[in-house]
Amino acid sequence: MLLSSILGIGVCFIFMETSQIWRSYHSDIRNFIRSKVKDDQVVDDLIQETFVKVHLNKDTLRDDTKIKSWVFTIARNTIYDFFKENKYLNTPVVEKISEEIENIHTEKDCLPGLINNLPKKYGEALFLSDIVGMKQKQIAQQLDMPLPTVKSQVQRARKLIIQGYMKCCNYTLNEKGKLVGVRKEKEDCKICN
């Protein structure tokens, strides 16, 4: 079971339709893409591809106050993919876009730190279960422990990870028991700094 599905990261708060996003940001996105790509046909293709990705992924946006930066991130990644596919990888534009992409902070950046902060008995069981993908029965055999102990340790580790996200990133639990909130910037994250 993937840890992100357990934690519920990726819960959607956005109710804006794709057409509203298009009307609000089409012009800005066009100007942004045009500043990186000079061919108008390619610009049109990249705008279309960007908004297809926006439409397909809009349910993953948790905070509609960050929609503009989210759309620009999708556009930046689309431009990067275009340059990569067309073998323009060593141009200054691609290097700048790569650097911007590397600096984007996600929940995944916090996860290794949260796992490393777990007590060893919980961290080891969680790692083998949720990262390596071993069955809990196999973990019990490998660690020479009773199966109920392994199950308990994995569940406790998951709860500690949730508490860690709540502590470092100010997430909260919604009524379904899933983590919700606004991702902090890397410099504000207590785990990543």
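For every chain, the first residue of the written sequence is number 1, and numbering continues from 1 along that sequence. Local features are withheld for residues below a pLDDT of 70 in this predicted model, meaning they are given only at 70 or higher, and side-chain atom pairs are given and counted only at 80 or more; totals for whole chains, interfaces and linings count all residues. Where side-chain values are given, they derive from all heavy atoms of the structure, hydrogens and water being excluded.

Q: Explain the nonpolar core to me, please; I cannot follow it from the model alone.
A: Taken as a class, soluble globular proteins show a tendency for nonpolar side chains to be buried jointly. In terms of nonpolar packing, the biggest core is built from 22 residues, with Ile 29, Ile 33 and Val 71 touching the most fellow members. It is helix α4 (residues 67-85) that contributes the most residues to this core, 9 residues altogether. In these notes, a set of buried Ala, Val, Leu, Ile, Met, Phe, Trp, Tyr and Cys residues joined through side-chain atoms within 4.5 Å is what counts as a nonpolar core. Exposure categories follow from relative accessible area, calculated using a 1.4 Å probe and restricted to protein chains: below 20% of the type maximum is buried, above 50% is exposed, and the middle band is partly exposed. Membership of the second largest hydrophobic core comes to 17 residues, among which are Tyr 122, Leu 160, Tyr 165 and Cys 189. Only DSSP runs of H or I with at least four residues qualify as helices, and only runs of E with at least two residues qualify as strands; both kinds are numbered from the N terminus onward.

Q: Explain the layout of surface pockets to me, please; I cannot follow it from the model alone.
A: In this approach the atoms are scanned with a rolling probe the size of a water molecule, which exposes any empty space left behind. Note on definitions: the grid is 1 Å and covers protein atoms alone; a cavity is a set of points where a 1.4 Å probe fits but cannot get out; a pocket is an open set with protein on both sides within 12 Å along at least five of seven lines; lining residues have an atom within 4 Å of a point. Grid points are joined across faces, edges and corners, and a volume is the space filled by probe spheres set on the points. Size it by volume and the second largest pocket reaches roughly 170 Å³. Throughout, the ten residues Ala, Val, Leu, Ile, Met, Phe, Trp, Tyr, Cys and Pro are labelled nonpolar, Asp, Glu, Lys and Arg are labelled charged, and all others, Gly among them, are labelled polar. Looking at the lining of the second largest pocket, its residues break down into 6 nonpolar, 3 polar and 1 charged.

Q: Explain helix α2 (residues 18-36) to me, please; I cannot follow it from the model alone.
A: The α-helix winds at 3.6 residues per turn, so residues separated by three or four positions along the chain end up facing the same way. Of all the bends found along α2, the most pronounced is centred on Tyr 25 and spans about 55°. Those residues of α2 that sit buried are Thr 18, Ile 21, Tyr 25, Ile 29, Phe 32 and Ile 33. Fitting axes to the seven residues that end at a residue and to the seven that start at it, the angle between those axes gives the bend at that residue.

Q: Help me understand the pattern of salt bridges in this model?
A: Side chains bearing opposite charge may pair, as long as their charged atoms lie close to each other. Salt bridges are counted wherever a side-chain nitrogen of Lys or Arg sits within 4 Å of a carboxyl oxygen of Asp or Glu. If you walk through the whole model with that rule in mind, you get 6 salt bridges. A salt bridge links Lys 68 to Asp 28; the shortest N-O distance between them is 3.7 Å. Of this pair, Lys 68 sits in helix α4 while Asp 28 sits in helix α2, and the two are 40 residues apart along the sequence. Accessibility expressed as a relative area gives 40% for Lys 68, which makes it partly exposed. Residue classification places Asp 28 among the partly exposed residues on the basis of a relative accessible area of 31%. Where Arg 158 meets Asp 130, a salt bridge forms, and the shortest distance between an N and an O atom there is 2.8 Å. You can see Arg 158 sitting in helix α9 (residues 147-169) and its partner Asp 130 sitting in helix α7 (residues 120-132), a full 28 residues away along the chain. Comparing Arg 158 with Asp 130 shows no difference in burial state: the two are buried. Look at the salt bridges and you will find they share partners, linking Glu 49, Lys 53 and Asp 81 into a network.

Q: Looking at this structure, how should I read the packing of aromatic side chains?
A: Two numbers describe a pair of aromatic rings. These are the distance of the centres and the angle of the planes. Aromatic contacts are taken between Phe, Tyr and Trp rings whose centres are within 6.5 Å, Trp giving its six-membered ring; a plane angle under 30 degrees counts as stacked, one over 60 as edge-to-face, and the others as tilted. This model, assessed by the stated rule, comprises 2 aromatic pairs. When the ring of Trp 22 is compared with that of Phe 51, the centres are 4.7 Å apart and the planes differ by 70°; the resulting orientation is edge-to-face. Here the residue Trp 22 occupies a position in helix α2, and Phe 51 occupies one in helix α3 (residues 40-57), the gap between them amounting to 29 residues. Relative accessible area serves as the criterion here: at 5%, Phe 51 is assigned to the buried category. Both rings, one in Phe 32 and one in Phe 72, keep their centres 5.4 Å apart while their planes meet at 70°; by these two values the pair is edge-to-face. With Phe 32 in helix α2 and Phe 72 in helix α4, the pair connects residues that are 40 residues apart, well separated along the chain. Residue classification places Phe 32 among the buried positions, given a relative accessible area of 16%. Judged by its relative accessible area of 17%, Phe 72 falls in the buried class.

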